[in-house]
Amino acid sequence: MRFLPLTDADRESMRRCLGIKDTADLFADIPERFRFPTLSEIPEALGENRLLERFRELAASNRHDEYLPFLGAGAYRHFIPEVVAHLSAKGEFLTPYTPYQPEVSQGSLQAIFEYQTMITQLTGMDISNASLYDGGTAAAEALLLMQRKSRRPRILVAESLHPEYREIIQSYIQNLDIQVETVSMDPSTGRVDLEKLKATLNSETGGFIFQSPNFFGVIEESSAIAKLTHSVDAYSAQIVAEAMSLAFLKPPGEHGVDLVAGEAQSFGLPLGFGGPYLGFMATKAEFLRQLPGRIVGETVDVENRRGYVLTLSTREQHIKRERATSNICTNQAWCAVRSAMYMATMGHDGLISIARANHTNTAYFADRVRTLPNIELAFPRNFFNEVVVRVKNRQVDDLLSHLESHRILGGIPLHWFYPEFADCLLINITEMHRKSEIDRLINAMGGML
Amino acid sequence: MRFLPLTDADRESMRRCLGIKDTADLFADIPERFRFPTLSEIPEALGENRLLERFRELAASNRHDEYLPFLGAGAYRHFIPEVVAHLSAKGEFLTPYTPYQPEVSQGSLQAIFEYQTMITQLTGMDISNASLYDGGTAAAEALLLMQRKSRRPRILVAESLHPEYREIIQSYIQNLDIQVETVSMDPSTGRVDLEKLKATLNSETGGFIFQSPNFFGVIEESSAIAKLTHSVDAYSAQIVAEAMSLAFLKPPGEHGVDLVAGEAQSFGLPLGFGGPYLGFMATKAEFLRQLPGRIVGETVDVENRRGYVLTLSTREQHIKRERATSNICTNQAWCAVRSAMYMATMGHDGLISIARANHTNTAYFADRVRTLPNIELAFPRNFFNEVVVRVKNRQVDDLLSHLESHRILGGIPLHWFYPEFADCLLINITEMHRKSEIDRLINAMGGML
Amino acid sequence: MNALPELLFDKSRPGKTGYSFESDPIPETEQYVDPELQRAGIADFPSLSEVEIVRHYTNLSHLNHSVDSGFYPLGSCTMKYNPKVNETIAAMPSFTNAHPYTPHHLVQGNIGIMRDLEARLCAITGMKAFSLSPAAGAHGELTGMMLIRNCLSHRGNPRRIVLVPDSAHGTNPASAHFAGYNVKEIPSGPDGVLEPHTLREHLDKDVAALMLTNPNTLGIFERHICELATALHENGSMLYMDGANMNALMGIARPGDLGVDVLHLNLHKTFATPHGGGGPGSGPVGVADHLAPFLPPPVIPKQDGSGPRYHIPDTIGRIKNFYGNFLVMVRALAYLMSLGRSGLRNVAEDAVLNANYIRCRLSELLDLPYQSRTLHEVVFSDKGLPVSTLDIAKRLLDYGIHPFTIYFPLIVHGAMMIEPTETESLETLDLFVTAMKEILTEAESDADMVRNAPYNTPLRRLDEVQAARHPVLRWQPREQE
Amino acid sequence: MNALPELLFDKSRPGKTGYSFESDPIPETEQYVDPELQRAGIADFPSLSEVEIVRHYTNLSHLNHSVDSGFYPLGSCTMKYNPKVNETIAAMPSFTNAHPYTPHHLVQGNIGIMRDLEARLCAITGMKAFSLSPAAGAHGELTGMMLIRNCLSHRGNPRRIVLVPDSAHGTNPASAHFAGYNVKEIPSGPDGVLEPHTLREHLDKDVAALMLTNPNTLGIFERHICELATALHENGSMLYMDGANMNALMGIARPGDLGVDVLHLNLHKTFATPHGGGGPGSGPVGVADHLAPFLPPPVIPKQDGSGPRYHIPDTIGRIKNFYGNFLVMVRALAYLMSLGRSGLRNVAEDAVLNANYIRCRLSELLDLPYQSRTLHEVVFSDKGLPVSTLDIAKRLLDYGIHPFTIYFPLIVHGAMMIEPTETESLETLDLFVTAMKEILTEAESDADMVRNAPYNTPLRRLDEVQAARHPVLRWQPREQE
Ligand SMILES: Cc1ncc(COP(=O)(O)O)c(C=O)c1O
Ligand SMILES: Cc1ncc(COP(=O)(O)O)c(C=O)c1O
């Protein structure tokens, strides 16, 4: 077996050293009747050539690559420079463990320190952790963090937060002493209904968690939200599911929010059928001791040379056990390093111009879709790269099938998550779409309506 | 431009340092009327996304991957473990220059030293150089080497040597004081006609160069050949175009030949539409000072630690200029390193078992093809993984078109190189062919004949 | 070669570009976004050329110890070799380019991968169903504890307490806590395993479950597991198994047969997916039949051709976006296919043989606090040594060897937790043993030398106290420093 | 981290396997091969597991300086950055899996690549046709000299002599020699370029050609080139241009316009294909119209859809198997497409600007033997220094910088030939200048320290004399040593 370096002779001499006849003797503690199951359901080994063949077949039985996609909703198709793939594939980044021994882990540690820095620059926050699992769990951690820090039992969640994120939050808090209440949206703007928010906030409220751009693609009024929450001494957490928007929009920090968390898959991670992605969390400095997850900090070695270490681990499970700020151990370190590679490669101008291209393309779609009969933008202003269209007198599923017959994946039907939006479709357009492809979507839509 | 790290500000400050206004001033020596051509034939730059698109289109306009191939003749389709691709793609192996500064090149140097060792083990020779361009030029270098060493003007070449190799030899010697004569084959065995060889050898003959397995796939009688050449104090050079055969056949060194050269593409290099491949050359120790190409040798550093350097460079063009043993400078170093990775990964047992699988599959084809009417093995014995079939009463091109209509690339028609073999097809079968694929070829052939 | 590269931000110069992307020209459009919502620039965000990026990360990469570069016997972490072919497979465009909300009939290959992986994990563990959603081991624990809680709630009472042996990994109590339980630590017995009588002493109607790592973090098989399971089940409690150490058991015994109700696996350990310097992982959760109704969505149906199920009436609810870490699952399945049925047992046997060989060779030199038979790892203590576990660990770095896990499990004084894994050769094990011997000799003759190690690493011992006291967590432009 | 890894052979143990391949079972067949022709084993051939292979080469890789890891100002070698996207492209299965004897209608993509590359090279150089066959620069030279010889033979007399300036690269005289010519070295003038009167002194009816490197190996543009060409042509001789330094000229001037009859290019230099630690390269040869009939097969026709031509009546004959180094061509074309029309000139301008900046900064410190304007590289001498060029080179290694080319060209005493290329930043150039300054200061105060450098490299100075005196060119099993 190519993964097993012991030879039979090695095994024999090792058994001699151990004074056993048969390696099976090492398992004598295991109840005999359960020892060495046959596992007949599992096929025998495949050679590397057959393994590759098998996976090529599996790959070929996917058909999505024949379709022009307009799917977003928390997972975005963006350009990834090839240099990112090459560098992140290096075994030296791929195969270490969590950098517990900093003297031989400066590669990963410095890369993560740089990641943390770029995340703070993009969000306008003071500090960032080293990653969380994904956007949805980052949102849940943000909620728990606000609750811990505020010591208040009640957290508000915007209806326009990604429905999967809300589901995850619900699962995370179901057994904890936290009450979560939903703040609904203004159906005309797609934004948080600020009046309702104001009415719901009270002195029991630890914080408000909202997404911007929100699930409908609409940019929220973060400044107003931050002000409202602060008026009852509660925190505000802005969730960002499309990290690319950070390079287009005013940083959440400048709006006064206390915490930004979300999904950074857009920064160099492929769609990958949903994972691994990259949860991030950046906050004001005051949250530091309550932050979940790993944190890398700068220090010096005994010769006073700059170096990096995992730090503030007294927050963590391996020290604090059940009183830790979270149970996270393995995080998404490599994804963070890869996203740092992406951000560094795109650079200041690149990231901004790609973000602009996202918006410009989406704006072009908006211009054109408005000329179609029987279809409208549900929320006609303040979107980044995602819009909701409302189809008049039509089931949105019919439209989707029609588009599919034109080899287009036209978007995500909102009724999956919001039954009241049965006539709405969430459409994502990025820098990857050519003008002609947007035109193709418009024409296919026009042909149906 | 992402490949140009200078900023406009840098350029400006550098120009100030140089005391020039315009970078164009640096080119003042160039005749003005020829300065700065417009190059309007060349399109403007493509962004990385468009570049990849363009090459994906080019790749898609190849259609060969829809066909079951049986093409060999000096370029062979073999299994390459993925680990080889991953390791050889490392930038640290891909992007250095020739290791002129050994203190910072031990990676490449040790890898080449190991390559040299494995080549000598496979060929049964004393020494190996660090690579040559490819099999054809290696054959030409072998011929020149024998002539230099023997100081005799006449070199014999077997008719069954790869026709391209013979063409290259002809080009290489056309302007030199060397006479080359062809020794024809025995049409019943496909081997060198030993009687003719004996008759042609004389005291003016410096050496005889033959291929085994030869172009027709037939294993030559190396021992007898070596004996015959030695009887007139001439050298014998065995060319190996299918390096995989070395793991199946008795090493040339044991047959007494003086020199082995050829093509090692089979060891881990993809078909790649013909290149880059890997010329190799291994000889008895006595040829050392006359060897063409780079050689890596072991030595020690000032602290007496084992290390490697390029050595014996007094043979080479940068020292000896027009009296060098060859003009080669850049060789195929990375291919040699990659092939060493391949050989090490396959290992002793792997290389031998893959070589056997080549032969077994080809033998199975031979068994089956002999059952077909109107078709025969032109040289029915002593082949490795390539055979010639003769089609009775038929143009071989018709058979090939028929096979192509069955999505099979049936082989190489010998009339490309040997008009007298108009009814013959050279068929290669490797470990990559499944039994069912060989059956498919047989059935398609049977359907036509 | 050893100096740390400058930071990206120090190298950055405005005007440099590392990328090249060509967008289509788009006609002028209406202005849809309020200007005050837009940003101008990103202060201090780096600008570098492509070659500078490549050099930065190439040079950083050389500062890492990794499985690809050497021995990494980090106990409990199963730092085994990650086959390269899995990377090739996980990089196939059909997998990397698939959007998670693609209509199911267009991604049957991907769904087939998850289905096959689940089936194999069921076969290996004897569990009846799996959720592939959890992103890592700890996430699997949380999911598993939620499953238990929901199931008990369904039976009428979620109960309040989860028992965790004192040898448990920190994630166990933390996860139980985030599932709303109070954690009660219980002691392992003198031979390092949980005694049934200890369990019984703590067992009452408040106990929801026991979280048991098996083999435990001492590397010892919890040989009373069947009895523990029975006691728990009779009390209406459940047995959670932390399966992070499944590398010792696959092909050897199936937790489902032993009475386990729910367990998690770490694909990034047992199933050879690379750990990435700290993730991503994948921590599938396997359950017995009675817990299956509570699994989080999406649930992959067993029959071919159908899409995942989202509506699971009794579910604990979603715990992760989309399907989980799909590309990690792809690697794990590729690994399982490479091993095949018999390979599983071969792996476990060699892993256990290697660990026992280390144990045998080092037990003359080091204190072995528990004498019980151990499986895939072995834990020594620094009792009686002139230097501490930390010192030995740091000195090992000078030998080019990554240290074992140190100071865990907490029940061993100065624990050295050594897990060689099956992908290490006898030669490597012997080199390690020799290095340990030499270090202990060094420690006898010159303890200070060992205490000041390492010497030959890119940096020497780092000041972790300063890092925590004066946290510098991001680069700042010089002016503001 | 610095020790050299053991050799594969020392690590090898019979019974280890690094591969896994599954062949189909094949029924028993007849025995076709005489038993005495078959081999049993391969003595001492290595056997290792996959993880051992990975570690071996990972650790070896860390011992190399490379363009990916740092500055590499090796003069004449154009060690520029090799874009990663080209590697992705060259690895596309449709290119890597194509057999060179595939019927042409099934490989039109590949043929199109070669056609486009040729067209671009023609446009850049002003030559009329190209052969992509040559495997490297020296191979291109040989091909070019054969072309000249065949053309002259066709005109009645191949002539005997090729003139080569004393500053030429060693491959020039060697290639001329292997094309059957006698080489006559001629001196360059006091300002480093070949003077027309020098040429005329040597020009007679025996002279077949002049081989001129332009810009030459001093980095100086041969500014009399048009006059030289005219003199040659009037004498019935030809002008061969060694185009290895085309990085200074692309987008700036076209050799074809200057009177060049034939030239070679080094794709592995000017066109950014990686040098691979010494190859593979690709050395296309471009010709003026009168040499086109002699090109080696295969010739790629200009019109789309057709196959290559093999039957070229006046050809010099084939010089390389198949089409040449196709996958190198793919990378070069990708690079050219990335640059586009204007990028070519930008590259040359920055390359020349960088070299002149180095020249300007270092000329206070080092002797500059030729004062002429230089382009992409600059050559200093060690005249007047307390240490030699070799010492400085070795000391540079301690600064993490690969040395310049040393002792070439031969006409400069202790030559230091510095070619930064356009892919270096101003910061890197400044670091290099600073390092040079420091080394020269060190040399003043402690010459021996510099003479014994390097100190911080994986190995220290190696004994090249011993290597040549007692050649050890392969590993041998210990018994036989
Ligand atoms: C025994 C044990 N349980 C649980 C975990 C947590 O797994 P993860 O790091 O994937 O969250 C670990 C990992 O260190 C472990 O060793
Ligand atoms: C000026 C010059 N000419 C020719 C060559 C030979 O090129 P190659 O090494 O590709 O054979 C070189 C390479 O060093 C060179 O610098």
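Residues numbered from 1 in each chain as written. Chains lettered and ligands numbered in written order. Predicted model: local features only at pLDDT ≥ 70, side-chain atom pairs only at ≥ 80, totals over all residues. Heavy atoms only, no water.

Draft legend 1. Spotlight on the overall build of chain A. A count of helical and extended segments in chain A gives 14 helices and 17 strands. Within the span of chain A, comprising 449 residues, buried residues form 70% of the whole. Sequence separation of 24 or more characterises 72% of the internal contacts of chain A that already satisfy a separation of 6 or more. A total accessible area of about 13100 Å² is found for chain A, and carbon and sulfur atoms account for 47% of it. Computed over 45 positive and 55 negative side-chain charges, the separation of the two mean positions in chain A equals 2 Å. (Helix = DSSP H or I, 4+ residues; strand = E, 2+ residues; numbered from the N terminus. Buried < 20%, exposed > 50% of the residue type's maximum accessible area, 1.4 Å probe, protein only. Contact = heavy atoms within 4.5 Å. Areas by Shrake-Rupley, 256 points an atom, 1.4 Å probe, with all protein chains shown as cover. Lys, Arg positive; Asp, Glu negative; His and termini not counted. Charge placed at Lys NZ, Arg CZ, Asp CG, Glu CD.)

Draft legend 2. How the structure looks around the interface of chain B and chain A. In this complex, chain B contributes 12 residues to the contact, which on the side of chain A involves 12 residues. Counting the surface lost from both chain B and chain A, the interface buries some 940 Å², and carbon and sulfur atoms represent 43% of this. In this structure, K90 of chain A engages E92 of chain B in a salt bridge whose closest nitrogen and oxygen atoms are separated by 2.6 Å. Counting across the interface, chain B meets chain A through six residue pairs in polar contact (both at pLDDT 80 or more). The leading source of residues in the side of chain B that touches chain A is helix α2 (residues 48–60) of chain B, at five residues. (Buried area = accessible area lost by both parts, 1.4 Å probe. Salt bridge = Lys/Arg side-chain N within 4 Å of Asp/Glu carboxyl O. Polar contact = N/O pair within 3.5 Å; in protein donor to acceptor, adjacent residues only side chain to side chain.)

Draft legend 3. Spatial organisation of the sheet that holds strand β5 (residues 238–243) of chain C. Residue and element names in this part refer to chain C. One open sheet holds the seven strands; their spatial order is β1-β7-β6-β5-β4-β2-β3, and the pairing between them is mixed. With partners counted over all chains shown, the strands left at the sheet margins are β1 (129–131) and β3 (182–186), one partner each. Going across the sheet, the axis of each strand differs from the next one's by a mean of 25°, ignoring polarity. When β5 meets strand β6 (residues 262–265), the two strands line up parallel, connected through four bridges. For G243, the partnering residue across the bridge sits in β6 and is L265. Against the sheet, helix α6 (residues 137–154) makes contact with β2 (161–165), β4 (207–213), β5, β6 and β7 (285–287), and its axis sits at roughly 170° relative to β5, the strand it touches most. On top of the sheet, helix α9 (residues 225–234) reaches β4 and β5; it is set at about 140° to β5, its chief contact. (Pairing = 2+ DSSP bridges. Axes fitted to C-alpha atoms, helices over the stretch in contact; angles between N-to-C directions.)

Draft legend 4. Fine view of the domain arrangement of chain C. Residue and element names in this part refer to chain C. When the domains of chain C are assigned, the result is domain 1 (8–61), domain 2 (84–336) and domain 3 (345–467). For domain 2 and domain 3, the distance between their C-alpha centroids amounts to 30 Å. Taken residue by residue, the interface counts 24 residues in domain 2 and 21 residues in domain 3. Contact between domain 2 and domain 3 buries roughly 1600 Å² in total, counting both sides, with carbon and sulfur atoms accounting for 64%. When the buried area of domain 2 at its contact with domain 3 is split by residue, T217, L218 and N247 rank highest and sum to 32% of it. Inspection of the region where domain 2 meets domain 3 yields zero salt bridges. Counting across the domain 2 and domain 3 interface gives four residue pairs in polar contact (both at pLDDT 80 or more). Residues belonging to the side of domain 2 that touches domain 3 are distributed by class as follows: 11 nonpolar, 11 polar and two charged. (Domains from an automatic or database assignment. Nonpolar A, V, L, I, M, F, W, Y, C, P; charged D, E, K, R; others polar.)

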